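Each chain is listed here by its residues.
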Amino acid sequence: MSDEKLVGIVLVSHSAEVATSVAELAKALSGGGVTVPIAPAGGTASGEFGTSSELVSAAAATVDRGAGVAVLTDLGSAVLTVKALLAEGDELPENTRLVDAPFVEGAVAAVVTAATGADLASVEAAAAEAYSYRKV
Amino acid sequence: MLDADFFRRWMTATAASVDREAERLTALDSPIGDADHGSNLQRGFTAVVATLEKEAPDTPGAVLMLAGRQLISTVGGASGPLYGTLLRRTGKALGDAAEVSREQLAEAFRTGVDAVRTLGGAAPGDKTMIDALAPAVDALGDSFAAARAAAGEGAEATVPLQARKGRASYLGERSIGHQDPGATSAALLVAALGEAAGE
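Thresholds applied
- Numbers given to residues run from 1 along each chain, matching the order in which its sequence is written.
- Ligands are numbered from 1 and chains lettered from A, in the order in which they are written.
- Restriction of local features to residues with pLDDT of at least 70 applies here, the model being predicted, together with a cutoff of 80 or more for giving and counting side-chain atom pairs; totals for whole chains, interfaces and linings are based on all residues.
- Helix numbers and strand numbers start at the N terminus; a helix is a DSSP run of H or I with at least 4 residues, a strand a run of E with at least 2.
- The reference for a compact globule is 2.2 Å times residues^0.38; the radius of gyration itself is calculated from the C-alpha atoms.
- Put plainly, a residue is buried at 20 or more neighbouring C-beta atoms within 10 Å of its own, exposed at 12 or fewer, and partly exposed in between, counting only other residues' C-beta atoms, which are placed from the backbone.
- Working definition of a contact: two residues with C-beta atoms, positioned from the backbone, lying within 7 Å.
- When DSSP finds two or more bridges between a pair of strands, those strands are recorded as paired.
- Here, the term right-handed applies to a crossover whose path from the first strand over the helix to the second runs clockwise when the strands point away from the viewer.

Enquirer: Explain the overall build of chain B to me, using residue names and the numbers behind them.
Expert: A tally of regular secondary structure across chain B gives 8 helices and 2 strands. Moving toward the C terminus, one meets the helices and strands of chain B in the order β-α-α-α-α-β-α-α-α-α. Taking 199 residues into account, the globule formula puts the C-alpha radius of gyration at 16 Å, and chain B, at 15 Å, falls close to it. Overall, the C-alpha framework of chain B stretches about 50 × 30 × 30 Å when taken along its three principal axes. Among the 199 residues that make up chain B, the fraction classed as buried is 58%. Restricting the contact set of chain B to residue pairs at least 6 apart, pairs at least 24 apart contribute 63%.

Enquirer: How would you summarise the pairing of strand E3 (residues 69-73) of chain A if you had to cite specific residues and measurements?
Expert: Residue and element names in this part refer to chain A. Where burial is concerned, most of E3 is hidden: 5 out of the 5 residues are buried. The two faces of E3 match: Val69, Val71 and Thr73 on one face and Ala70 and Leu72 on the other face are all buried. The sheet contact formed by strand E1 (residues 8-13) and E3 spans 5 bridges and is parallel. Residue pairing in the sheet places Val10 in a bridge with Val71 of E3. Here 3 bridges tie E3 to strand E4 (residues 96-98), and the two strands are oriented parallel to one another. Looking at the pairing, Val69 lines up with Thr96 of E4. Handedness of the crossover joining E3 and E4 through helix H3 (residues 77-88): right-handed.

Enquirer: Tell me about the environment of Arg20(B), residues and numbers included.
Expert: If you trace the backbone, Arg20(B) turns up in helix H1 (residues 4-32). Taking C-alpha positions, Arg20(B) is 25 Å from Gly166(B), a pair spaced 146 residues apart along the chain.

What follows is the structure in structure tokens.
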């Protein structure tokens with residue numbers, strides 16, 4: 001557990017609307033009280049479908065409170081862009097991780113967990129755990 | 001020996017070739033992808049040429065690292081981080097030498113291709129750019145012409161393959177019979193080496 005500092009969360013989707021909506025949904029489902037720093041990075045900088053490394057870097061910078069940043073992605077170029085940025089070493093805040101989790105369910109789990117003041121490893125584990133929630 | 005100007009010419013020749021072939025790349029990307037490969041790479045390499053002119057990096061490694069960074073930030077599709085990583089890692093492996101030999105380039109290019117394989121998780125036969133790049137790496141030690149031929153053959157050999165990576169993999173057997181757009185653009189990148197060398 002880290003004192004006061006909350007883990008930041010970045011949601012990267014090919015669609016700006018999807019990233020923004022999932023961020024709102026996750027915040028709404030996390031209940032009142034603590035506000036988790038969460039930022040969407042959806043679509044390209046010119047507003048098309050795709051991934052923008054600039055939007056991802058900017059979003060990560062805005063949610064970084066010093067407790068680490070968990071990045072959740074949808075698919076394809078979103079995953080590859082974040083991985084490429086992490087490999088560069090200087091493009092994302094220190095202690096940023098790409099979390100292997102389903103996008104919507106993982107985002108909700110991450111936000112709920114981050115709101116408790118949990119550390120990055122716990123937030124990551126909670127998001128990844130969302131894969132095990134079967135619907136049928 | 002290959003100097004920074006050679007690598008600038010390589011990027012310029014790639015941009016010109018991507019411009020010429022953009023419609024074909026996008027057409028190849030229509031049945032099995034999301035029909036944006038040509039326009040994405042066009043945007044990316046146009047930005048690469050512009051930034052190389054503006055910042056004028058003076059070593060082979062610096063040229064490729066700047067080009068790779070630009071591709072990661074401009075392309076918007078999966079080919080951005082993939083080609084960006086290819087060029088950045090190749091550039092990084094070249095270090096800060098003012099000139100490099102073709103053999104040194106071949107060695108560095110292998111490092112770059114390995115990084116792409118790690119990033120995308122693709123192996124030869126998965127119907128991706130790796131199917132053009134892997135044979136090109138092996139042939140680059142011989143000559144630019146051999147690398148060009150190997151990449152071209154590798155791209156054509158993706159036609160009967162079933163895609164195992166990326167969006168095309170969702171199509172399963174329906175991806176068979178189409179040449180992979182990524183392997184096709186990778187062959188253009190390799191072919192541009194010979195153009196940069198004036199062959």
